[in-house]
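# Structural overview for review
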Amino acid sequence: MPITREMLSQYVQPTFVESGTYQCEAVDLARELGFQTIHTIDIEPKHVDAAKAKGYNAYCGDSPAVLAKILPGIEGQITFWLDAHPFVKPMDIFHTHFPLMRELRSIKKYADPEKHVLLMDDMRIVPDLEKELLLDWLDMLWPDGVVRWHGDRYCDDDILCCDLRGER
Ligand SMILES: C[S@@+](CC[C@H](N)C(=O)[O-])C[C@H]1O[C@@H](n2cnc3c(N)ncnc32)[C@H](O)[C@@H]1O
C-alpha cells in the first residue's frame with residue numbers, strides 16, 4: 001500500500017481481484033480506471049462490510065481459501081492485486097500468517113489459464129532470501145511470465161509484477 005494510478009493504469013483488464021481490502025483505496029482506484037468487475041477479500045468483517053456498502057463484490061475470509069471458491073466462476077483476464085497480510089515487519093512470506101504463497105497456489109490451481117497480471121505489494125518488507133525464493137517460485141509456476149518491478153512512495157521496487165500476457 002498504496003497502489004499507484006500510474007502503475008495500475010498499465011494493467012486495466014476486465015476484472016480486478018484484490019486480496020486485502022482494508023480501506024478500499026485500491027478498489028476505488030480500479031473502479032475509477034474502468035475495471036468492469038471488481039472482487040475484494042479481507043479477513044476483517046468491518047473492511048468487507050464497508051466494501052459491500054460501496055457496491056463491491058466483497059468476501060470475508062482467508063484470501064487463499066476465498067480465491068479457491070471464487071476463481072472458478074470468473075472468466076477472462078484478471079489483474080490481481082495481492083496485498084493481504086498482517087501489519088507486521090518483516091514480511092516473512094513463508095510463514096503461515098502471510099497468505100501470498102498460498103494465494104499463488106490458488107491462482108495457479110483455480111484461475112482460468114488466461115493472460116492474467118499478478119501484482120504483489122510491499123516487497124520492500126520481504127527479506128532478500130524470501131524475495132529470491134518467491135521469484136524462483138513464480139518462474140516454476142509461470143515460466144512464460146514477464147517479471148518487472150514498480151515503485152511507489154516508499155521505494156522504486158515495492159511492487160512485483162508477474163505479467164502473463166507475454167512480452168509488451
Ligand atoms: C496492507 S492492507 C491492504 C491495503 C489495500 N489493499 C490497499 O491497497 O489500500 C492488508 C489487509 O489484509 C488483510 N488481511 C490480512 N491477512 C489476511 C488474510 N489471510 N486473508 C485476507 N485478508 C487478510 C488485513 O485485514 C488488511 O486489511
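As shown above, the structure is provided for reference.
Keep in mind that this is a model prediction, so the values were computed, not measured.

## What to know about the sheet that holds strand β3 (residues 57-60)
What the seven strands build is an open sheet, ordered β3-β2-β1-β4-β5-β7-β6; its pairing is mixed. Across the chains shown, the open sheet's two edge strands, defined by having one partner strand only, are β3 and β6 (146-150). Pairs of neighbouring strands in the sheet enclose a mean axial angle of 15°, with direction left out of account. With five bridges joining them, strand β1 (residues 15-19) and strand β4 (residues 78-82) adopt parallel strand pairing. The residue of β4 that forms the bridge with Ser 19 is Leu 82. Against the sheet, helix α4 (residues 63-70) contacts β1, β2 (37-42) and β3, and its axis sits at roughly 145° relative to β2. Running at roughly 165° to β4, helix α5 (residues 100-110) makes contact with β1, β4 and β5 (117-120) of the sheet.

## Quick word on the environment of Gly 61
Assignment of secondary structure puts Gly 61 in the loop between β3 and α4. According to the C-beta neighbour criterion, Gly 61 is partly exposed, with 14 such atoms within 10 Å. Beyond its immediate stretch of four places on either side in the chain, Gly 61 contacts Ile 41, Ile 43 and Val 66.

## Examining the packing of α4 against α5
Interhelical geometry of α4 versus α5 gives an angle of 10° and a closest axis separation of 8 Å. Judged by the inter-axis angle, α4 sits roughly parallel to α5. Across the interface between the two elements, Ser 63, Pro 64, Leu 67 and Ala 68 from α4 touch Arg 102, Glu 103, Arg 105, Ser 106, Ile 107 and Tyr 110 from α5. Looking at the contact of α4 with α5 residue by residue, the classes come out as five nonpolar, two polar and three charged.

## Observations concerning the site of the ligand
Among the 23 residues in the neighbourhood of the ligand, the closest are listed as Gly 20, Tyr 22, Glu 25, Ala 26 and Ala 84. Put simply, the parts of the chain that give the shell around the ligand at least two residues each are β1, α2 (25-33) and β2. When grouped by side-chain class, the residues that make up the shell around the ligand number 10 nonpolar, seven polar and six charged.

Rules used in this analysis
- Residues numbered from 1 in each chain as written.
- Predicted model: local features only at pLDDT ≥ 70, side-chain atom pairs only at ≥ 80, totals over all residues.
- Pairing = 2+ DSSP bridges.
- Helix = DSSP H or I, 4+ residues; strand = E, 2+ residues; numbered from the N terminus.
- Axes fitted to C-alpha atoms, helices over the stretch in contact; angles between N-to-C directions.
- Contact = placed C-beta atoms within 7 Å.
- Buried ≥ 20, exposed ≤ 12 C-beta atoms within 10 Å, placed from the backbone.
- Parallel < 35°, antiparallel > 145°, perpendicular 65-115°, else oblique.
- Nonpolar A, V, L, I, M, F, W, Y, C, P; charged D, E, K, R; others polar.
- Near = placed C-beta within 6 Å.

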